[in-house]
Amino acid sequence: MAGYRIWQLLFAVWAVSGSGVEVSAQFVGYYRTKDCGIAEAIVTQAVTQAFNQDPSVAPALIRLLFHDCFVEGCDASILLDPSPENPNVEKRSGPNLSVRGYEVIDAAKTQLEKTCPLTVSCADIVALAARDAIVLTGGRHFEMPTGRLDGMVSSTASADANLVSTESSARELTQKFLAQGLGQDEMITLSGAHTIGRTTCAQVTPRLYNFPGSPNGVDPTLDFDYALHLKQVCPQGGNPNSVVQLDPVSPNTFDNMYYTNGVTGRVLFASDIALFADHQTEFASNLNSENAELWQIKFSNALIHMASNKIKFGRPDEEGEIRQNCRLTNARFAATANMSRSAHNHGA
Ligand code: HEM
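Since we're looking at a predicted model, the values are computed, not measured.

**Student:** Please give an account of the layout of surface pockets that cites residues and values.
**Tutor:** If a probe as big as a water molecule is rolled over the atoms, it shows which places are left empty. The computed volume of the largest pocket comes to approximately 990 Å³. Forming the walls of the largest pocket are 40 residues, and the residues nearest its centre are R63, F66, H67, H194 and F269. Elements with a contribution of two residues or more to the lining of the largest pocket: helix 3 (57-69), helix 6 (156-162), helix 7 (170-178), helix 8 (184-191), strand 1 (198-200), helix 12 (270-277) and helix 14 (292-307). For the lining of the largest pocket, the element with the most residues is helix 3, which contributes six residues. Per-class residue counts for the lining of the largest pocket are 22 nonpolar, 13 polar and five charged. Among the domains, domain 1 (22-164 + 307-347) and domain 2 (170-304) are the pair contributing at least three residues each to the lining of the largest pocket. Looking at the second largest pocket, its volume works out to about 210 Å³. Around the second largest pocket sit 13 residues that line it, and E167, P206, R207, F211 and A270 are the ones nearest its centre. For the lining of the second largest pocket, the secondary structure elements donating two or more residues are helix 9 (201-204) and helix 12.

This is the structure:
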């Protein structure tokens, strides 16, 4: 951790002072150096407005950052819509079909384009929005470095390969996180994000009915009373899209309840259970249930680390760009604008 921070700092100093060329870097307060000191406040305002209308956007935004960073780095590649040149984008990958919150990023971007055109990357909006979502749900405030560029590549196959599965063992999860430069303890720490948010009955019913090898059909790792509660929320043959809260105790608060739930058999995914059952991860998972404050600090540090994962910074156009519209690369945006101009001229 310390190593990458020093490296980032050195790069930032070089980028701002000594290099003589206009490059971008990642550091706290980056947009103040770009004459857009209001950038973070604009994002916070968009997130707060959306949260006030629908508090469930907060967990969606945290997950959006996680899924963005695990594929091509934190470069807003998850935001790109399918296009004729690239129909198979990240959004189309199975684990991303339930990702939400895109319209909050759009709202922030629209406002930012009015105030500081072509200055604030969509990747930074995603990172700042996740931080704001944590604060709005009662988590600890922390500074999020900015200066990321937006990527031009988005691929379903890459998302399929890099995103995690609820069926993964603790070992497989550790490997997936290691592949992203994140340690096992960071994986355990970040999984605590399942202290807020939701899933659907489709994800849960396989553990409630006809669970292989269980005499009563229920996954034996589930707490008995919790399983009864889940059966009420998700009756057999019921609506697979009904919503289930990930944390049955404090579903809307960003606290360390996920770990207490894990210790007592009240977490939903097999991958969650694995963290509390595997001897390699059990100790650290239990520790997080005992120290709320420490977990909050560890979480923000791990999130910042994740959010600096393989980021693109350098001269815009070399590796990335500042998109005008978060759903389209600038080339696609220009092509769409040309198409609508010529359709307009044709009609005139
Ligand atoms: C360790 C492996 C992980 C697996 C297998 C996993 C899987 C899932 C799944 C299947 C859902 C439910 C999606 C739905 O049905 O709509 C979910 C929700 C969520 N995940 Fe994870 N996740 C993992 C780690 C993480 C991490 C590291 C974070 C953030 C740092 C995170 C944040 C969230 C949040 C906030 C939600 C709720 C989303 C909402 O309410 O829309 N997850 N996760």
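What follows picks up the thread again.
**Student:** With reference to specific residues and values, describe the packing of helix 7 against helix 8.
**Tutor:** At a minimum axis distance of 9 Å, the contact between helix 7 and helix 8 shows a crossing angle of 105 degrees. Put simply, helix 7 runs roughly perpendicular to helix 8. The residues of helix 8 that touch helix 7, namely those facing A170, L173, T174 and F177, are Q184, M187 and L190. The class makeup of the residues in the contact of helix 7 with helix 8 is five nonpolar, two polar and no charged.

**Student:** Can you break down helix 7 residue by residue, with the values?
**Tutor:** Those residues of helix 7 that sit buried are A170, L173, T174 and F177. For helix 7, the buried positions fall inside an angular range of 100 degrees around the axis, keeping them on one side. On the buried face of helix 7, the contacting elements are helix 3, helix 8 and helix 12.

**Student:** Talk me through the domain arrangement of the chain; I want residue IDs and the actual numbers.
**Tutor:** Once the domains are mapped, the chain shows domain 1 (22-164 + 307-347) and domain 2 (170-304). Computed over C-alpha atoms, the centres of domain 1 and domain 2 are 27 Å apart. Counting from both sides, the interface comprises 25 residues of domain 1 and, opposite them, 19 residues of domain 2. With both chains or domains summed, domain 1 and domain 2 bury close to 1,800 Å², and 63% of this area falls on carbon and sulfur atoms. Summed over the three residues of domain 1 that lose the most area to domain 2, namely F70, T137 and R140, the buried surface amounts to 28% of that side. For the pair domain 1 and domain 2, the number of links is zero salt bridges. At the surface where domain 1 touches domain 2, the tally comes to eleven residue pairs in polar contact (both at pLDDT 80 or more). It is helix 3 that contributes the most residues to the side of domain 1 that touches domain 2, five residues altogether. Looking at the side of domain 1 that touches domain 2 residue by residue, the classes come out as 14 nonpolar, seven polar and four charged.

How each quantity is defined
- Residues numbered from 1 in each chain as written.
- Predicted model: local features only at pLDDT ≥ 70, side-chain atom pairs only at ≥ 80, totals over all residues.
- Heavy atoms only, no water.
- 1 Å grid on protein atoms, 1.4 Å probe; cavity = no way out; pocket = protein on both sides within 12 Å on 5 of 7 lines; lining within 4 Å.
- Points joined across faces, edges and corners; volume = space filled by probe spheres on them.
- Helix = DSSP H or I, 4+ residues; strand = E, 2+ residues; numbered from the N terminus.
- Nonpolar A, V, L, I, M, F, W, Y, C, P; charged D, E, K, R; others polar.
- Domains from an automatic or database assignment.
- Axes fitted to C-alpha atoms, helices over the stretch in contact; angles between N-to-C directions.
- Parallel < 35°, antiparallel > 145°, perpendicular 65-115°, else oblique.
- Contact = heavy atoms within 4.5 Å.
- Buried < 20%, exposed > 50% of the residue type's maximum accessible area, 1.4 Å probe, protein only.
- Arc of directions from axis to C-beta.
- Buried area = accessible area lost by both parts, 1.4 Å probe.
- Salt bridge = Lys/Arg side-chain N within 4 Å of Asp/Glu carboxyl O.
- Polar contact = N/O pair within 3.5 Å; in protein donor to acceptor, adjacent residues only side chain to side chain.

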